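Overview (structure and organization)
Now for the letters of each chain:
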Amino acid sequence: MLEYYTFSRRMFLSFNYVFLACLGILCILPIIHVLAISFSSSAAAQAGYVKLWPVQFSLSSYEYVLHKPAFFKSILVTLKRVGLGIPVNMLLTVLIAYPLAKEAKKFPMRTFYAWVFVITILFSGGLIPLYMTIKYTGIMDSIWAMILPGAVPVFNVILLLNFFRGLPKELEEAAFMDGAGHWTTLWRIFLPLSLPALATITLFATVNHWNSWFDGLIFMNSPDHYPLQSYLQTVVINRDLTLMSSADMKSLTEVNDRTAKAAQIFLGALPILMVYPFLQRFFMKGIVLGSVKE
């Protein structure tokens, strides 16, 4: 019986490894294809010869993209958004998760407030009320219009409060016996022990701010204020020729449209592709330890 279990277990693990490897390859193939197009000549890309390897290697598309001021302006807007948005998200997430992690006898209204936040995941006021709120609060066409509406990521709050609930209660009791208050307990005990969960939700917040594009289109009146993904949306999907200068028009006659789009897509995804592998171990540990507990 033991040998049968061992053999079946090995077969199960082998199947998992093969399945996940195939799934990983399927996920990375589109990125390789886009990268190959960006490094190919305009004629090869236009003819559809490029698959997973560059044809007639060329850097002309990257030269075209890196000489576009609008591309670098959008990157600066995105970096500003990430630099301001992540501290706001993390601060509010921590301040909300800590009290909600308390027992009902210590915080009688915990369940009520928890449902107040959770219900926002299921229902929203709609796009028009959100637009009117942004407009009449006077933050339209500013960086705060893309930060404040999503200042409280409720999913991250749920992850962190479940992580807090899993910490030994004896640590908090010992801190209170030594004269510590809630602020000291939070900043000196809870947060240092929650680094995996904090790294996970920081990664979530970073990816969310970096990849958001729709709010930039509806809240920004000037294309100069577009974040990177909103700019790429206007270039790759809904190209607006009125936003292009005469120099851009001339360059497009020398560079294929497909290779230029591929180069901009890859450059836009490159920072996240570089950061994610280093945070992967924190990501996995934080998800497991911050999952819902009985």
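Quick caveat, the model's predicted, so the values are computed rather than measured. (Residues numbered from 1 in each chain as written. Predicted model: local features only at pLDDT ≥ 70, side-chain atom pairs only at ≥ 80, totals over all residues. Heavy atoms only, no water.)

**Here we look at the layout of surface pockets**
In this model, the largest pocket occupies a volume close to 790 Å³. Taken together, 30 residues line the largest pocket, and the ones lying closest to its centre are Leu130, Pro149, Gly150, Val152 and Asn208. Every element with two or more residues in the lining of the largest pocket is listed here: helix H4 (69–100), helix H5 (110–122), helix H6 (127–136), helix H7 (154–166), helix H10 (195–211) and helix H11 (214–219). For the lining of the largest pocket, the per-class residue count stands at 18 nonpolar, ten polar and two charged. (1 Å grid on protein atoms, 1.4 Å probe; cavity = no way out; pocket = protein on both sides within 12 Å on 5 of 7 lines; lining within 4 Å. Points joined across faces, edges and corners; volume = space filled by probe spheres on them. Helix = DSSP H or I, 4+ residues; strand = E, 2+ residues; numbered from the N terminus. Nonpolar A, V, L, I, M, F, W, Y, C, P; charged D, E, K, R; others polar.)

**Remarks on the environment of leucine 273**
Examined against the element boundaries, leucine 273 turns out to sit in helix H14 (residues 257–289). Taking the relative accessible area as the measure of exposure, leucine 273 reaches 38% and is therefore partly exposed. In this view, leucine 273 contacts Ile31 and Phe266; residues no more than four positions away in its chain are not counted. (Buried < 20%, exposed > 50% of the residue type's maximum accessible area, 1.4 Å probe, protein only. Contact = heavy atoms within 4.5 Å.)

**Side note on the pattern of salt bridges**
Going through the model one piece at a time under the given rule, you end up with five salt bridges. Between aspartate 215 and arginine 81 there is a salt bridge, and its shortest N-O distance comes to 2.6 Å. Here arginine 81 lies in helix H4 and aspartate 215 lies in helix H11, a separation of 134 residues in the sequence. The exposure class assigned to aspartate 215 is buried, which follows from its relative accessible area of 16%. Residue class for arginine 81 comes out buried when judged on its relative accessible area of 2%. One salt bridge connects glutamate 103 with lysine 105, and the closest N-O pair in it is separated by 3.9 Å. Given a relative accessible area of 71%, lysine 105 falls into the exposed group. (Salt bridge = Lys/Arg side-chain N within 4 Å of Asp/Glu carboxyl O.)

**Topic: the nonpolar core**
By size, the foremost hydrophobic cluster in this structure holds 49 residues, and its most contacted members are Phe71, Leu160, Phe164, Leu186 and Leu198. If you list the elements that add at least two residues to this core, you get helix H3 (60–66), H4, H7, helix H9 (182–193), H10, helix H12 (228–236) and H14. Per-element accounting of this core gives the leading share, eleven residues, to H4. Other than its neighbours up to four places away in sequence, leucine 186 contacts Val94, Leu95, Tyr98, Phe164, Leu191 and Pro192. Counting six residues, the second largest nonpolar core, distinct from the first, contains Ala36, Ile37, Ala44 and Val50. (Core = buried A, V, L, I, M, F, W, Y, C linked by side-chain atoms within 4.5 Å.)

**A short note on the side chain of serine 41**
Tracing the backbone through its elements, the reader meets serine 41 in the loop between helix H1 (2–38) and helix H2 (42–47). Residue classification places serine 41 among the buried positions, given a relative accessible area of 12%. When sequence neighbours within four positions are dropped, the list of residues in contact with serine 41 reads Val55, Gln56, Ser58 and Thr259.

**Concerning the packing of aromatic side chains**
The final tally for this structure, using the stated rule, is 14 aromatic pairs. When the centroid spacing of 6.5 Å and the interplanar angle of 80 degrees are considered together, the rings of tyrosine 98 and phenylalanine 164 count as edge-to-face. Taken together, the residues tyrosine 98 in helix H4 and phenylalanine 164 in helix H7 connect sequence positions 66 residues apart. Accessibility classification places tyrosine 98 together with phenylalanine 164 in one group, the buried group. Measuring from centroid to centroid gives 5.3 Å for phenylalanine 164 and phenylalanine 190, while their planes differ by 80 degrees, and the two rings are edge-to-face. Linking phenylalanine 164 in helix H7 with phenylalanine 190 in helix H9, this pair joins segments that are 26 residues apart in sequence. Here phenylalanine 164 matches phenylalanine 190 in class, with each residue buried. Ring pairs connect the aromatic residues Phe39, Phe57 and Tyr62, which therefore count as one cluster. (Phe/Tyr/Trp six-rings, centres within 6.5 Å; stacked < 30°, edge-to-face > 60°.)

**Points about the packing of H4 against H5**
In the contact formed by H4 and H5, the axes pass within 10 Å of each other and the chain directions differ by 145 degrees. Contacts between H4 and H5 pair Ile96, Pro99 and Leu100 from the former with Arg110, Tyr113, Ala114 and Phe117 from the latter. Of the residues in the contact of H4 with H5, the class split is six nonpolar, no polar and one charged. (Axes fitted to C-alpha atoms, helices over the stretch in contact; angles between N-to-C directions.)

**So, the packing of H9 against H10**
Where H9 contacts H10, the axes come no closer than 5 Å and their chain directions differ by 75 degrees. Classified by the angle between their axes, H9 and H10 sit roughly perpendicular to one another. Within the contact between the two elements, H9 uses Leu191, Pro192 and Leu193 and H10 uses Leu195, Pro196 and Leu198. Residues of the contact of H9 with H10, tallied by class, amount to six nonpolar, no polar and no charged. (Parallel < 35°, antiparallel > 145°, perpendicular 65-115°, else oblique.)

**What to know about the environment of leucine 186**
If you trace the backbone, leucine 186 turns up in helix H9. Given the relative accessible area of 3%, leucine 186 is considered buried. Taking C-alpha positions, leucine 186 is 9.0 Å from glutamate 172, a pair spaced 14 residues apart along the chain.

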